[in-house]
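Descriptive analysis of the structure
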Amino acid sequence: METLDIKIIELSEEKAIATMPVDDRTRQPFGVLHGGASVALAETVASVGTYHLLDKEKEYCVGLEINANHIKAKKEGIVKAVATPLHKGRKTMVWDIKIVDEKEQLICVSRCTMAIISI
């Protein structure tokens, strides 16, 4: 999170929101937001959202599967990832993540499945 300057700005049982700058750390060679950076943001917010819901003395979580559709290019500014749980199970959680720009325009949509592992 520190490397990409990802910041969690909201966390509850029903939502996790994080921001990330679009800058030299997160742009690809053509000068737009790298798809991999968007995926890193999406998995981070799903991971934090899942971890928030766990019994931290007995469980931890890891990413099991992620996909992403990159909708619109972004050259600079800030993107915001809004993650909402689609499924909260005992062994997996599935999150819907929408990444938007400052005007709430959709940049990327992702779905991430998190595995819940007993310690």
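Anyway, here's the lowdown on the structure attached to this text. (Residues numbered from 1 in each chain as written. Predicted model: local features only at pLDDT ≥ 70, side-chain atom pairs only at ≥ 80, totals over all residues. Heavy atoms only, no water.)

**Overview of the pattern of salt bridges**
For clarity, the threshold we go by: In what follows, salt bridge is the name for a side-chain nitrogen of Lys or Arg lying within 4 Å of a carboxyl oxygen of Asp or Glu. Secondary structure elements are taken from DSSP: a helix is a run of H or I of four residues or more, a strand is a run of E of two residues or more, and numbering for both begins at the N terminus. Burial classes follow relative accessibility: with a 1.4 Å probe on protein chains only, a residue under 20% of its type's maximum area counts as buried, one over 50% as exposed, and anything between as partly exposed.
Counted under the stated rule, the structure contains 8 salt bridges. Glu14 is paired through a salt bridge with Lys88; the nearest N and O atoms lie 2.8 Å apart. With Glu14 in the loop between strand S1 (7-11) and strand S2 (16-22) and Lys88 in strand S4 (residues 77-88), this residue pair connects regions lying 74 residues apart in the sequence. Here Glu14 falls in the partly exposed class, since its relative accessible area comes to 48%. With its nearest N and O atoms 2.5 Å apart, the salt bridge here joins Arg25 to Asp23. Residue class for Arg25 comes out partly exposed when judged on its relative accessible area of 43%.

**Focus: helix H1 (residues 35-53)**
Helical geometry: 3.6 residues make up each α-helical turn, so side chains three or four residues apart lie on a common side. The condition that has to hold: The span one expects for a helix is its residue count, reduced by one, times 1.5 Å. Any pair of residues with heavy atoms lying within 4.5 Å of one another is described as a contacting pair.
The terminal C-alpha atoms of H1 lie 28 Å apart, and with 19 residues this matches the ideal 27 Å at 1.5 Å per residue to within 8%. Within the span of H1, buried status applies to Ala37, Ser38, Leu41, Ala42, Thr44, Val45, Ala46, Gly49 and Thr50. Looking at the buried side of H1, the elements it contacts are S1, S2, strand S3 (59-70), S4, strand S5 (92-100) and strand S6 (106-118).

**Quick word on the nonpolar core**
Heads up, the rule is: As used here, the term nonpolar core means buried Ala, Val, Leu, Ile, Met, Phe, Trp, Tyr and Cys residues forming a set that is joined through side-chain atoms within 4.5 Å.
Core analysis: the largest hydrophobic core is formed by 26 residues, its most contacted members being Met20, Leu41, Val79, Ile97 and Ile99. Of all the secondary-structure elements, those providing two or more residues to this core are S2, H1, S4, S5 and S6. With sequence-adjacent residues up to four places away left out, Val79 is seen in contact with Ala18, Thr19, Met20, Val22, Leu33, Leu41, Lys74, Ile99, Val100 and Ile107.

**Details of the pairing of S2**
Heads up, the rule is: One bridge is not enough; two strands pair if DSSP finds at least two bridges between them.
Burial analysis of S2 places 7 of its 7 residues in the buried class, the great majority of the element. Burial along S2 is two-sided: Ala16, Ala18, Met20 and Val22 facing one way and Ile17, Thr19 and Pro21 facing the other are all buried. Relative to S2, S1 runs antiparallel, the two being bridged by 4 bridges. Bridge pairing in S2 places Lys7 opposite Thr19. Where S1 folds back on S2, the antiparallel hairpin that results is connected by 4 residues.

**A word on the packing of aromatic side chains**
Stated formally: Centres within 6.5 Å make a pair out of two Phe, Tyr or Trp rings, where for Trp the six-membered ring is used; the pair is then stacked when the planes are under 30 degrees apart, edge-to-face when over 60, and tilted otherwise. For a lysine, the NZ atom is tested; for an arginine, the CZ atom; a charge sits over a ring if that atom is within 6 Å of the ring centre and within 35 degrees of the ring normal.
This model, assessed by the stated rule, comprises 0 aromatic pairs. Here the guanidinium or amino end of Lys56 rests over the ring plane of Tyr51, the centre of that ring lying 5.0 Å away.

**Comments concerning the sheet that holds S6**
Keep this limit in mind: Working convention: axes come from line fits to C-alpha atoms, limited for helices to the stretch in contact. Angles between N-to-C directions cover 0 to 180 degrees.
The 6 strands lie next to each other as S1-S2-S4-S5-S6-S3, forming an open sheet whose pairing is antiparallel. One side of each edge strand has no neighbouring strand; the edge strands of this open sheet are S1 and S3. The mean inter-strand angle of the sheet, taken between neighbouring strand axes irrespective of direction, is 25 degrees. Direction of pairing for S4 relative to S5: antiparallel, over a ladder of 8 bridges. When the bridges of S5 are listed, Lys88 appears paired with Met93.

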